[in-house]
Amino acid sequence: MLKRPRALLGSLAAAAVMAFAPLSGAVADTYWQCVPFARLISGVQIYGDAWTWWRQAVGKYDTGVSPKAGAVLVFKPSGKMRLGHVAVVSQVLTDRVIQITHANWSRIGGTRGQIEKDVTVIDVSPGGDWSQVKVWYDPVRDLGSSTYPTHGFIYQDANAVRMASSGFNTAQNAALAVAQGAASQVASVVRPGAGPLHMLGQAADSTDRIAALIQAATQSQSSSSSN
């Protein structure tokens, strides 16, 4: 049985608290594209459409197929995602499950350009090389049925780490927007007016649901691989 990820519980508990924190109108109205947001919080200095990042990284940054916190996951163009997508790894939970922080993926409150913090991504590639993934989609509160092809991970160098720290510390609006995205993950399970202990208990219930989804997805992949 898959154990509850403790890091995820902490993220959800924090999000539950932030769900009731006031946010400025300027932050709420900010529309984020995935590229500038990924560049801001990773410090990886690549510009242009998301699908070009993998090619541009050659000779400038190390790349690979193993997730690391702070690395940028580069999605290939697919379906309606003609320009690809980039997301930053916030936590590595297992060799097949990570959490990412990214922008302009889910429609939250019916609008695009939102930031989502610590959302679940699962490697469903046959070879376990992160070439195909499923991504949490907030409107359905699930990983969804779509599978997305990826190039792999672009790893931070020392300069990127410094720039990420400096950029994030000075971009207060970005930090608040991240909090807004995190709060959205538990808004549907935390009721206004609940006491602190009850609120954290509800966040834990949400964590169990995500863990169950991870287990179901990984079991489904194992079954299909053995057939």
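As shown above, the structure is provided for reference.
Described in the following lines is the structure provided in the data block. (Residues numbered from 1 in each chain as written. Predicted model: local features only at pLDDT ≥ 70, side-chain atom pairs only at ≥ 80, totals over all residues. Heavy atoms only, no water.)

## Observations concerning the packing of aromatic side chains
Ring pairs (aromatic) are described by centroid distance and by the angle formed between their planes. What counts, and what does not: Whether two aromatic rings pair depends on their centres lying within 6.5 Å, for rings of Phe, Tyr and Trp, where Trp uses its six-membered ring; planes under 30 degrees apart make the pair stacked, over 60 edge-to-face, and the rest tilted. Runs of E in the DSSP output that reach at least two residues are strands. Runs of H or I that reach at least four are helices, and both are numbered from the N terminus. Partly exposed describes any residue whose relative accessible area lies between the buried limit of under 20% and the exposed limit of over 50%, with all areas from a 1.4 Å probe on protein chains only and scaled to the type maximum. A ring is considered to have a charge above it if a Lys NZ or an Arg CZ atom is located within 6 Å of its centre and within 35 degrees of its normal.
Under the criterion given, the structure shown has 5 aromatic pairs. When the centroid spacing of 4.9 Å and the interplanar angle of 70° are considered together, the rings of Trp-105 and Tyr-148 count as edge-to-face. Taken together, the positions of Trp-105 in the loop between strand 4 (97-103) and strand 5 (115-123) and Tyr-148 in strand 7 (residues 148-154) put the pair 43 residues apart, joining distant regions of the chain. Between Trp-130 and Phe-153, the ring centres sit 5.8 Å apart and the planes meet at 70°, which makes this aromatic pair edge-to-face. Taken as a pair, Trp-130 in the loop between strand 5 and strand 6 (132-135) and Phe-153 in strand 7 lie far apart in primary sequence, 23 residues in all. Here Phe-153 falls in the buried class, since its relative accessible area comes to 0%. Against the face of Tyr-155 rests Lys-68, its NZ or CZ located 4.6 Å from the ring centre.

## Digging into the nonpolar core
The criterion, for reference: In this description, a nonpolar core means a group of buried Ala, Val, Leu, Ile, Met, Phe, Trp, Tyr and Cys residues linked to one another through side-chain atoms lying within 4.5 Å.
Ranked by size, the top nonpolar core spans 22 residues in total, and within it Phe-75, Val-135 and Phe-153 carry the most contacts. Elements with a contribution of two residues or more to this core: strand 2 (72-75), strand 3 (85-92), strand 4, strand 5, strand 6 and strand 7. Counting residues in each nonpolar core, the second largest holds 21 residues, with Val-35, Ala-57, Val-72 and Ala-160 among its members.

## Thoughts on the environment of Arg-107
Note the threshold: In this analysis, two residues are considered to be in contact whenever any of their non-hydrogen atoms come within 4.5 Å of each other.
Structurally, the position occupied by Arg-107 is in the loop between strand 4 and strand 5. Arg-107 sits in the partly exposed class, given a relative accessible area of 43%. Along the chain, Arg-107 and Asp-138 lie 31 residues apart, while their C-alpha atoms are 7.2 Å from each other. Discounting residues that sit within four places of it in the chain, Arg-107 has contacts with Arg-112, Tyr-137 and Pro-139.

Don't take any of this as a statement about function, it's just geometry.
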